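# Inside the fold
The residues making up each chain are set out below.
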Amino acid sequence: MAVVAIVGPTASGKSAVAMRLADQLGGEVVSVDSMQVYRGLDIGTAKPTAADRHRVPHHLIDVADPEDTFTVAEFQQLGMTALQEIGERSAVPLVVGGSGLHFRALVDPLEFPPSDAAVRAEIEAMDPADSVLALLAADPQAATVVDLANPRRVARALEVFRLTRATPTVRAHSDSAAAVREYRPRVPMVAIGLDAGERLADRAEARFDAMLDAGLLDEVEAFQDRLGVTAAQGVGYKELLPVVRRELPLDQARAAAINATMGL
């Protein structure tokens, strides 16, 4: 089974190309958008219309509630199942979206170590300097693979060590890590990259304004108390939350959201 990946920045036209290819190839779309997984967050995530979803099967859309912390590991498990089922139907899987990590979770041999909220909370309650010392005590070479100046990276590395007893150095030199570095994808793949060039800024602005016209501000207001840690960081939702809470004017939030769309 060969996967056709359509990649590129937000507002470059990936979804439109995917629909045309799906018609021509008999394909099914596998979304790797990190926010389209959330039910109800429709306008700000630019979900495909009901008509498009009826015309072409779409996967990994509306699989979690906004309150959920939907991990990349969970996404990977559902995504691999979708790819397998599409292959069994002899259809062409079209992997489409703008989240690089979620894309790689499907096509690369990425492995996601376990997590435990209680263990993580215990580590995060430590003094950051003590966390670094604990990590180095477990793995004196950890500084070669973990940014010790980043408390979140240190906490995650220490959490994984406590749960698996595998050190960061060992994980970095595992077979799967080597495959990722050498880019040996998990599945046969053809990638199509889109680049809007100088038009990207105008497209990003028009895209966000169209969302506002479609009712994005009302959507954010309706879900403001239901957005979990992950969903609240979505582009558009993060910037408009202060607007619905009367903490920021809309014009400033609009500019920030357009910049975030372009990765600025």
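These numbers were taken from a predicted model, which means no experiment stands behind them.

For the pair helix α10 (residues 200–214) and helix α13 (residues 250–261), interaxial distance at closest approach is 9 Å and the crossing angle is 130 degrees. Judged by the angle between their axes, α10 and α13 are oblique. The interaxial crossing formed by α10 with α13 has right-handed handedness. Each of Ala-204, Glu-205, Arg-207, Phe-208, Asp-209 and Leu-212 in α10 lies in contact with α13, whose residues at this interface are Leu-250, Arg-254, Ala-257, Ile-258 and Thr-261.

Even without being glycine, Ala-46 reaches a positive phi, approximately 55 degrees. With respect to the element layout, Ala-46 can be found in the loop between β2 (27–31) and α2 (50–55).

This part covers the pairing of β2. Taken across its five residues, β2 has five buried, putting it largely inside the fold. Neither face of β2 is open: one carries Gly-27, Val-29 and Ser-31, the other Glu-28 and Val-30, and all of them are buried. Pairing geometry for β2 and strand β4 (residues 92–96), over five bridges, is parallel. Bridge pairing links Ser-31 to Val-96 in β4. Where β2 and strand β3 (residues 58–59) come together, two bridges link them in parallel fashion. Note that in β3 the partner of Val-29 across the bridge is His-58.

Turning our eyes to something else, we now look at the side chain of His-59. Among the secondary structure elements, His-59 is positioned in strand β3. Here His-59 falls in the buried class, since its relative accessible area comes to 16%.

Helix-helix packing is characterised by the crossing angle of the two axes and by the distance between the axes. For the pair helix α11 (residues 216–223) and helix α12 (residues 237–244), the least separation of the axes is 9 Å and the interaxial angle reads 80 degrees. What the angle tells us is that α11 and α12 run roughly perpendicular. Here α11 contributes Leu-216, Leu-217, Glu-219, Val-220 and Glu-221 to the contact with α12, which in turn contributes Tyr-237, Leu-240, Leu-241, Val-243 and Val-244. Of the residues that constitute the contact of α11 with α12, the class distribution is eight nonpolar, no polar and two charged.

Let's shift gears to the sheet that holds strand β1 (residues 3–7). Strand order in this open sheet of five strands is β3-β2-β4-β1-β5, and the pairing throughout is parallel. Each edge of the open sheet is held by one strand with a lone partner, namely β3 and β5 (189–193).

Applying the stated criterion to the full structure yields 15 salt bridges. Residue Arg-55 is joined to Asp-23 by a salt bridge in which the shortest nitrogen-to-oxygen separation is 2.4 Å. Here Arg-55 is found in helix α2, whereas its partner Asp-23 is found in helix α1 (residues 14–25), with 32 residues between them in sequence. The exposure class assigned to Arg-55 is partly exposed, which follows from its relative accessible area of 44%. A salt bridge links Asp-108 to Arg-104; the shortest N-O distance between them is 2.9 Å. One network of salt bridges, with partners in common, ties together Asp-42, Lys-47, Arg-53 and Asp-62.

Rules used in this analysis
Residues numbered from 1 in each chain as written. Predicted model: local features only at pLDDT ≥ 70, side-chain atom pairs only at ≥ 80, totals over all residues. Heavy atoms only, no water. Axes fitted to C-alpha atoms, helices over the stretch in contact; angles between N-to-C directions. Helix = DSSP H or I, 4+ residues; strand = E, 2+ residues; numbered from the N terminus. Parallel < 35°, antiparallel > 145°, perpendicular 65-115°, else oblique. Left-handed = near helix turned anticlockwise from the far one by under 90°. Contact = heavy atoms within 4.5 Å. Buried < 20%, exposed > 50% of the residue type's maximum accessible area, 1.4 Å probe, protein only. Pairing = 2+ DSSP bridges. Nonpolar A, V, L, I, M, F, W, Y, C, P; charged D, E, K, R; others polar. Salt bridge = Lys/Arg side-chain N within 4 Å of Asp/Glu carboxyl O.

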